[in-house]
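Structural characterization, general
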Amino acid sequence: MSYHLHIDGVLRPVTNAWLSESLLGVLRDHLGVMSVKDACEQGRCGSCSVLMDGRLVAGCTVLAADAAGAQITTVAGLGTGGPARAVRAAFLAHGAVQCGFCTPGFVVAVTDLLARRPGADEDEIREALAGNICRCTGYGRIIAAIRSVQDARR
């Protein structure tokens, strides 16, 4: 069976994939989308976070075939400008990037959070990031980066 996925605004054909493959697996292994990271494959770390029809999901928990017809946005699809640029710049400025493995998932999650709740307080920020794990920076720098984006927008 073959199907198509809308990835970052481009319709991509998927062939030779098992129907039971995750969106994460198809993105990386079949379509070469390496900005989506593969860590836990259990929906617990956030490294494979993408937006599916504007909703934040862990790509490893969604069957790729179920995503056919949906708009999938990866960190690359957020673009180099706009809100995602401010988030990326703040992560760099505040030292919220160490090894960088978790960064794409965090950027997607933070960009989504700030689009939905621009004035999110610290509890809301922590709740929104609960599905993302960083083993290098600690979350203080990440929260400081988010707060700086919020401050700059005011």
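For the structure given in this document, a descriptive report is provided here. Keep in mind that what you see is a predicted model, and the values were worked out from it rather than measured. (Residues numbered from 1 in each chain as written. Predicted model: local features only at pLDDT ≥ 70, side-chain atom pairs only at ≥ 80, totals over all residues. Heavy atoms only, no water.)

This part takes up the overall build of the protein chain. Along the protein chain, the regular secondary structure elements total five helices and five strands. Across the protein chain, helices and strands are ordered from the amino to the carboxyl terminus as β-β-α-β-β-β-α-α-α-α. Rg of the C-alpha trace for the protein chain: 15 Å, near the compact-globule value of 15 Å for 154 residues, within the 12% margin. Dimensions of the protein chain, computed from the C-alpha atoms along their principal axes, are close to 50 × 30 × 25 Å. The burial tally for the protein chain puts 42% of its 154 residues in the buried class. Taking as baseline every contact in the protein chain between residues at least 6 positions apart, the subset at least 24 positions apart corresponds to 55%. One finds the centroid of the 15 positive side-chain charges in the protein chain at a distance of 6 Å from the centroid of its 14 negative side-chain charges. (Helix = DSSP H or I, 4+ residues; strand = E, 2+ residues; numbered from the N terminus. Rg over C-alpha atoms; globule rule 2.2 N^0.38 Å. Buried < 20%, exposed > 50% of the residue type's maximum accessible area, 1.4 Å probe, protein only. Contact = heavy atoms within 4.5 Å. Lys, Arg positive; Asp, Glu negative; His and termini not counted. Charge placed at Lys NZ, Arg CZ, Asp CG, Glu CD.)

Two numbers describe how helix H3 (residues 103-116) lies on helix H5 (residues 139-153): the axes approach to 12 Å, and their chain directions differ by 40°. Considered as vectors, H3 and H5 are oriented oblique to each other. As H3 packs across H5, the resulting crossing turns out to be right-handed. Contact with H3, carried on its side by Phe106, Val110 and Leu114, involves Tyr139, Ile142, Ile146, Val149, Gln150 and Arg153 of H5 and no other residues of that element. Along the lines of polarity and charge, the residues of the contact of H3 with H5 split into seven nonpolar, one polar and one charged. (Axes fitted to C-alpha atoms, helices over the stretch in contact; angles between N-to-C directions. Parallel < 35°, antiparallel > 145°, perpendicular 65-115°, else oblique. Left-handed = near helix turned anticlockwise from the far one by under 90°. Nonpolar A, V, L, I, M, F, W, Y, C, P; charged D, E, K, R; others polar.)

Another point: the pattern of salt bridges. Under the definition given, this model contains four salt bridges. Notably, a salt bridge pairs Arg117 with Glu124, separated by 2.8 Å at the nearest N-O pair. Judged by relative accessible area, which is 36%, Arg117 ranks as partly exposed. With relative accessibility at 29%, the residue Glu124 sits in the partly exposed group. A salt bridge links Glu122 to Arg126; its shortest N-O distance comes to 2.9 Å. With Glu122 and Arg126 both in helix H4 (residues 122-128) and four residues apart, the pair spans about one turn of that helix. Residue class for Glu122 comes out partly exposed when judged on its relative accessible area of 33%. (Salt bridge = Lys/Arg side-chain N within 4 Å of Asp/Glu carboxyl O.)

For Arg153, the location among the structural elements is in helix H5. Relative accessible area serves as the criterion here: at 41%, Arg153 is assigned to the partly exposed category. The spatial distance from the C-alpha of Arg153 to the C-alpha of Gly119 is 9.6 Å, given a sequence separation of 34 residues. In this view, Arg153 contacts Pro83 and Leu114; residues no more than four positions away in its chain are not counted.

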